[in-house]
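As a plain string of letters, each chain reads:
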Amino acid sequence: MASSGSNSHVLTYEGCNFLRQRLVLATLSNRPVKIKKIRSKDANPGVQDFEASFIRLLDRITNGSRIEVNETGTTVYYQPGLLHGGKIEHDCNEQRAIGYYLEALICLAPFTKEPLHATLRGVTNDQVDVSVDYLKATCLPLLQQFGLIANLDLKITKRGAAPEGGGEVIFTCPNPRKLRPVKITDFGKIKRIRGWAFATRVSPQTANRIVESARGVLNRCLTDIYIYTDHRKGQQGGKSPGFGLTLVAETTTGVMLGSEAVSRPKGADGDPTVPEDLGRGASKLLLEEIYRGGCVDSVNQSIALLFMALGDQDVSKAVLGPLTPYTIQFLRHLQDFFKVMFKIETLKADDDTELCTGADKIQLTCIGVGYTNLSKKTS
């Protein structure tokens, strides 16, 4: 819960949950934040290595930030500086995938002084965080709806499976003066499914086995299915063996819904992953995501809501599937940092509308705060 400290301007929180959300929103709102009791009762208390790496990334993208961590690492004080952007490089901690860091960069990139050109190194695919493939396939098309079109790209130059990584991605993003308000309410119908099966430092046949098993499930639902295989070896394949599958269903209105599955890391407890099981598992997860529905997939809900809240001073509207716990907390944080509240309406699945096939949907409406990129150079 948020509370006001001795200085009413400083937002105070407790615990390690949602640390990323709090630091990203603090940076955008330029409000100092103090987070206390971070794993204070754990055997290994305080900020973990991957969180320290994330804080260093924020320091790199901003200019003049003040970060204070106490001796035990259980309290962090963060006073954000100006979002500078430009060309940055960062070695992500291997405890978390590049997606953990990239999601935060995507939230910040449109508001930097210089257009962002970020090179991130580390784990590209693991079982914990969203993969770079998933973000490229689902998040980038979403950003384009807010007016981020020119020079928006995510290149995977090297793959790196968990635990040792060795992957590299390059993310570039424009910095418009304002974000465009959106109305993302028309789901349309599923027209095609695309996928990417990757294999690094294992037999190239592994990717083909994944594709075959995934098609075995999906071919019953749709005929327009194409799954690419991406086998990399040597430097391009990172330091650890691994394989996985990312699937994306595209609708007639351009909505992207995705799912993914990744093999168990080398040396992890439990039975090794079987490619056929992984392919079937990812396919079933995609069908579940389609059932949940909504015009934004469950992973990107918070990014869509952030850009709606910070958009031009006009009405933005989006229909989402059931909100994830992460998104619910994000809505609370948006109210803390920006005083933005959404009008939330439930659209029942038994309503007589095409929109409400599958699970119940939620329509969120807000008026943007008119967040303007004042530091952007005027041409």
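Residues numbered from 1 in each chain as written. Predicted model: local features only at pLDDT ≥ 70, side-chain atom pairs only at ≥ 80, totals over all residues. Heavy atoms only, no water.

Novice: Mind showing me how you'd approach the overall build of the protein here?
Specialist: Secondary structure summary: the protein contains 8 helices and 19 strands in total. In terms of overall size, the protein behaves like a compact globule, its C-alpha atoms giving a radius of gyration of 21 Å where 379 residues would be expected to give roughly 21 Å. Taken along the three principal axes of its C-alpha coordinates, the protein extends 60 × 50 × 50 Å. Counting every position in the protein, which comprises 379 residues, the buried fraction comes to 55%. Within the protein, contacts between residues separated by at least 24 positions form 73% of all contacts whose residues are at least 6 apart in sequence. Accessible surface, the protein: about 16,900 Å² in total, of which carbon and sulfur atoms supply 48%. Once the 47 positive and 40 negative side-chain charges of the protein are each reduced to a mean point, those two points are 4 Å apart. (Helix = DSSP H or I, 4+ residues; strand = E, 2+ residues; numbered from the N terminus. Rg over C-alpha atoms; globule rule 2.2 N^0.38 Å. Buried < 20%, exposed > 50% of the residue type's maximum accessible area, 1.4 Å probe, protein only. Contact = heavy atoms within 4.5 Å. Areas by Shrake-Rupley, 256 points an atom, 1.4 Å probe, with all protein chains shown as cover. Lys, Arg positive; Asp, Glu negative; His and termini not counted. Charge placed at Lys NZ, Arg CZ, Asp CG, Glu CD.)

Novice: What is the right way to read the environment of Ile-210 from this model?
Specialist: Its location among the elements puts Ile-210 in helix α5 (residues 205–218). C-alpha of Ile-210 to C-alpha of Asp-360: the two residues are 150 residues apart in sequence and 32 Å apart in space.

Novice: What's the story with empty space enclosed by the protein in this structure? I'm lost.
Specialist: A water-sized probe rolled over the atoms picks out the places where empty space is left. Scanning the entire structure with this criterion turns up 2 cavities of 30 Å³ or more. Put simply, the largest cavity is a space of about 120 Å³. If you trace the largest cavity, you find it lined by Arg-20, Gln-21, Val-24, Glu-103, Ala-104, Cys-107, Val-299, Ser-302, Ile-303, Tyr-326 and Phe-330. Mapped onto the lining of the largest cavity, the elements with two or more residues apiece are α1 (19–29), α3 (98–108), α7 (301–309) and α8 (325–338). Looking at the lining of the largest cavity, its residues break down into 7 nonpolar, 2 polar and 2 charged. Residue lining of the second largest cavity: Asn-125, Asp-126, Ala-161, Ala-162, Gly-242, Val-262, Ser-263, Arg-264 and Pro-265, and that is the complete set. Its residues placed into classes, the lining of the second largest cavity shows 4 nonpolar, 3 polar and 2 charged. (1 Å grid on protein atoms, 1.4 Å probe; cavity = no way out; pocket = protein on both sides within 12 Å on 5 of 7 lines; lining within 4 Å. Points joined across faces, edges and corners; volume = space filled by probe spheres on them. Nonpolar A, V, L, I, M, F, W, Y, C, P; charged D, E, K, R; others polar.)

Novice: Which parts of the structure should I look at to understand the layout of surface pockets?
Specialist: Considering only enclosed or pocket space, the largest pocket measures out at about 570 Å³ in volume. Around the largest pocket, the lining is made up of 26 residues, and of these Val-128, Asp-129, Val-130, Glu-260 and Val-299 lie nearest the centre. Elements represented by at least two residues in the lining of the largest pocket include exactly α3, β16 (256–262), α6 (275–292), α7 and α8. A per-element tally of the lining of the largest pocket places β16 first, with 5 residues. Classifying every residue of the lining of the largest pocket by side-chain character gives 9 nonpolar, 8 polar and 9 charged.

Novice: Sorry if this is basic, but what is going on with the packing of aromatic side chains here?
Specialist: The relation between two aromatic rings is expressed through the spacing of the ring centres and the mutual angle of the planes. Going through the model one piece at a time under the given rule, you end up with 11 aromatic pairs. Consider the rings of Phe-111 and Phe-307, whose centres lie 6.0 Å apart with planes at 75°: the pair is edge-to-face. A residue pair is termed long-range when its members are at least 10 positions apart, and Phe-111 in the loop between α3 and β9 (114–122) and Phe-307 in helix α7 qualify at 196 residues. When sorted by exposure, Phe-111 lands in the same class as Phe-307, which is buried. When the ring of Trp-196 is compared with that of Tyr-228, the centres are 6.3 Å apart and the planes differ by 20°; the resulting orientation is stacked. Residue Trp-196 is located in strand β13 (residues 190–200), and its partner Tyr-228 is located in strand β14 (residues 225–232); the two are separated by 32 residues in the primary sequence. Taking the relative accessible area as the measure of exposure, Trp-196 reaches 30% and is therefore partly exposed. Given a relative accessible area of 40%, Tyr-228 falls into the partly exposed group. Clustering of aromatic rings is evident, with ring pairs tying together Phe-111, Phe-146, Phe-307, Phe-338 and Tyr-371. (Phe/Tyr/Trp six-rings, centres within 6.5 Å; stacked < 30°, edge-to-face > 60°.)

Novice: What is the right way to read the packing of α1 against helix α2 (residues 49–61) from this model?
Specialist: Angle between the axes and distance between the axes are the two parameters that describe a pair of packed helices. For the pair α1 and α2, interaxial distance at closest approach is 11 Å and the crossing angle is 10°. Here α1 lies roughly parallel to α2, going by the angle between them. Across from Leu-19, Arg-20, Leu-23, Val-24 and Thr-27 in α1, the residues of α2 making contact are Glu-51, Phe-54, Ile-55 and Leu-58. (Axes fitted to C-alpha atoms, helices over the stretch in contact; angles between N-to-C directions. Parallel < 35°, antiparallel > 145°, perpendicular 65-115°, else oblique.)

Novice: Sorry if this is basic, but what is going on with α5 here?
Specialist: Every α-helix winds through 3.6 residues per turn, so residues three or four apart in the chain are directed the same way. With 14 residues, α5 extends 20 Å from end C-alpha to end C-alpha; this agrees with the ideal 20 Å at 1.5 Å per step. Buried residues along α5 sit against β13, β14, β15 (242–251) and α6. (Expected span 1.5 Å × (residues − 1).)

Novice: Would you take a moment to explain the nonpolar core for this structure?
Specialist: Considering soluble globular proteins, one finds that nonpolar side chains tend to be buried as a cluster. The biggest cluster of nonpolar side chains holds 84 residues, and the ones touching the most others in it are Leu-28 and Phe-342. The element contributing the most residues to this core is α3, with 9 residues. Counting 19 residues, the second-largest nonpolar core is a separate cluster that includes Ala-214, Ala-249, Ala-261 and Ala-282. (Core = buried A, V, L, I, M, F, W, Y, C linked by side-chain atoms within 4.5 Å.)

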